[in-house]
Amino acid sequence: ASSLRLVSARTLYDAGMTVGACPGLAGLAAAPVLAANPLDLDGLGVAGGDAVRVRSARGSVVLEVLSDTAVVRGTAAVAFNLEPGAGDGVPGAGGAGSLIDAGETVVDVRLEAL
C-alpha cells in the first residue's frame, strides 16, 4: 500500500437530480476516478485503467486509476461530487466525499492494488 495526500474539487457535471433529469446533460457526468502521477503508480505496481481500493480514516472506495503527469507526486486527485452510483461500470464507484473527514485539515489515503 502507498500513502498519498488527497486533493479534491467539484466537477461541473455530476450525477445529481438536475443533471440526470436533463437528457442533454445526463451523459456528461463522468465516472469517478483516482488521478495520480505515473511515478507514484509505478511504485505501487498499478497502471492506468486498473482498479485500486482507496482508504482513508473515514472510509474506503474502489476506483479506476487515471495515470496523469499533471498530478503532483505524492498526491491523489478524486472529484468530490461524484458519489456512489455515479460511475456505472466502475467497481464500488464513489467520490472523495466518502473519504474526507471535514474535521481534519488534510486527508491522507492509502492505495491498495486489487
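Q: Go over the overall build of the chain with me, naming the residues and quoting the values.
A: Helix and strand content of the chain: three helices and six strands. Along the chain, helices (α) and strands (β) appear in the sequence β-α-α-β-α-β-β-β-β when read from the amino end. The burial tally for the chain puts 35% of its 114 residues in the buried class. Counted over contacts in the chain with a minimum sequence separation of 6, partners at least 24 positions apart contribute 72%. Summing over all exposed atoms, the chain offers an accessible surface of approximately 6,100 Å²; the carbon and sulfur share of this is 54%.

Q: Could you give me a rundown of the side chain of threonine 75, with the residues and numbers involved?
A: Considering the arrangement of structural elements, one finds threonine 75 in strand 5 (residues 75–78). You can call threonine 75 buried: its relative accessible area is 15%. At 2.6 Å, the side chain of threonine 75 and the backbone oxygen of valine 72 are in polar contact.

Q: Which residues make up the nonpolar core, and what values go with them?
A: If you look at soluble globular proteins, the nonpolar side chains tend to sit buried side by side. Of all hydrophobic cores here, the largest spans 19 residues; its most connected members are Leu6, Leu34, Val54, Val109 and Leu111. For this core, the elements supplying multiple residues, two or more each, are strand 1 (2–7), strand 2 (33–36), helix 3 (38–44), strand 3 (51–55), strand 4 (60–67), strand 5 and strand 6 (108–113). Take this core: its biggest share by element is three residues, from strand 4.

Q: Please set out the pattern of salt bridges residue by residue, giving values where relevant.
A: Summed over all chains, the structure comprises three salt bridges. Note that arginine 5 and aspartate 108 form a salt bridge whose closest N and O atoms lie 2.6 Å from each other. Here arginine 5, found in strand 1, pairs with aspartate 108, found in strand 6; they are 103 residues apart in sequence, far enough to count as distant. Look at arginine 5 and you get partly exposed, because its relative accessible area is 35%. Look at aspartate 108 and you get partly exposed, because its relative accessible area is 38%.

Q: Lay out the side chain of aspartate 40 with the relevant residues and their values.
A: Secondary-structure assignment places aspartate 40 in helix 3. Looking at aspartate 40, its side chain comes within polar contact range of the main-chain nitrogen of glycine 74, at 2.7 Å. For aspartate 40, the contacting residues outside a window of four places in its chain are Leu4, Val72, Arg73, Gly74 and Thr75.

About the cut-offs
- Residues numbered from 1 in each chain as written.
- Predicted model: local features only at pLDDT ≥ 70, side-chain atom pairs only at ≥ 80, totals over all residues.
- Heavy atoms only, no water.
- Helix = DSSP H or I, 4+ residues; strand = E, 2+ residues; numbered from the N terminus.
- Buried < 20%, exposed > 50% of the residue type's maximum accessible area, 1.4 Å probe, protein only.
- Contact = heavy atoms within 4.5 Å.
- Areas by Shrake-Rupley, 256 points an atom, 1.4 Å probe, with all protein chains shown as cover.
- Polar contact = N/O pair within 3.5 Å; in protein donor to acceptor, adjacent residues only side chain to side chain.
- Core = buried A, V, L, I, M, F, W, Y, C linked by side-chain atoms within 4.5 Å.
- Salt bridge = Lys/Arg side-chain N within 4 Å of Asp/Glu carboxyl O.

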